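Breakdown of the fold
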Amino acid sequence: NLPEDQADRLLLASWGLPKAVLEKYHSLGVMQMFEWQAECLMLGQVLEGKNLVYSAPTSAGKTLVAELLILKRVLETRKKALLILPFVSVAKEKKCYLR
């Protein structure tokens, strides 16, 4: 569990994402993360590009963690990223709102 002083880390707005990105997530009904998602993002040096391996059931929110890591790295380093998804339908959905 997150300490009380880090509870604001559950809010997407606390991760330094651009307003347009936050608005898109908000339009999809995503305004905050689960505790385990924020914990993943705060582990070690994950935000600095170190590896992260995590496991969760289908529809638990794994993709959000990956998206946030990718978005932060792309915005901070101005480099491209490659996101590999398991299904064409998911790839099309992500293509639409990650533009």
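Keep in mind it's a predicted model, so treat the numbers as computed, not measured.

**Looking at the overall build of the protein chain**
Along the protein chain, the regular secondary structure elements total four helices and zero strands. The buried share of the protein chain, reckoned over its 99 residues, is 25%. Long-range contacts, defined here as pairs at least 24 residues apart, represent 56% of the contacts in the protein chain between residues at least 6 apart. Here the protein chain displays about 7,100 Å² of accessible surface, and carbon together with sulfur accounts for 56% of that area. Of the charged side chains in the protein chain, 14 are positive and 10 negative; the average position of the first set lies 15 Å away from that of the second.

**Remarks on the packing of aromatic side chains**
By the definition in use, this model includes one aromatic pair. Judged by centre distance (6.2 Å) and plane angle (45 degrees), the rings of Trp-36 and Tyr-54 are tilted. With Trp-36 in helix 2 (residues 35–42) and Tyr-54 in the loop between helix 2 and helix 3 (62–77), this pair connects stretches of sequence that are 18 residues apart. By relative accessible area, which is 26% here, Trp-36 ends up partly exposed.

**Examining the UniProt feature "domain: DEAD/DEAH-box helicase" (unreviewed entry) in the protein chain**
Under the present numbering, the feature "domain: DEAD/DEAH-box helicase" (unreviewed entry) in UniProt falls on residues 44–93. Here residues 44–93 runs as 44% helix and 0% strand, with 30 Å between its end C-alpha atoms.

Quick notes on the rules
- Here the residue index of a chain counts from 1 through its sequence in written order.
- pLDDT decides what is reported in this predicted model: residues at 70 or higher carry local features, side-chain atom pairs at 80 or more are listed and counted, and totals for whole chains, interfaces and linings draw on all residues regardless.
- Here the side-chain values reflect all heavy atoms present in the structure, with hydrogen atoms and water set aside.
- By the criteria applied, helices consist of DSSP H or I runs no shorter than four residues and strands consist of E runs no shorter than two, each listed in order from the N terminus.
- Three exposure classes are used, based on accessible area relative to the maximum for each residue type with a 1.4 Å probe and protein chains only: buried under 20%, partly exposed in between, and exposed over 50%.
- Throughout, a residue-residue contact means that at least one pair of heavy atoms, one from each residue, lies within 4.5 Å.
- Accessibility throughout is a Shrake-Rupley quantity obtained with a 1.4 Å probe, and a residue counts as covered only by protein chains that appear here.
- Residues counted as positive are Lys and Arg, residues counted as negative are Asp and Glu, and His and the chain ends are not counted.
- Where a charge lies is defined by one atom per residue type, namely NZ (Lys), CZ (Arg), CG (Asp) and CD (Glu).
- Each pair of aromatic rings taken from Phe, Tyr and Trp, with Trp reduced to its six-membered ring, is defined by centres within 6.5 Å and is described as stacked if the planes are under 30 degrees apart, edge-to-face if over 60, and tilted in the remaining cases.
- UniProt positions are given in the numbering used here, feature names are shortened, and annotations may be inferred rather than shown by experiment.

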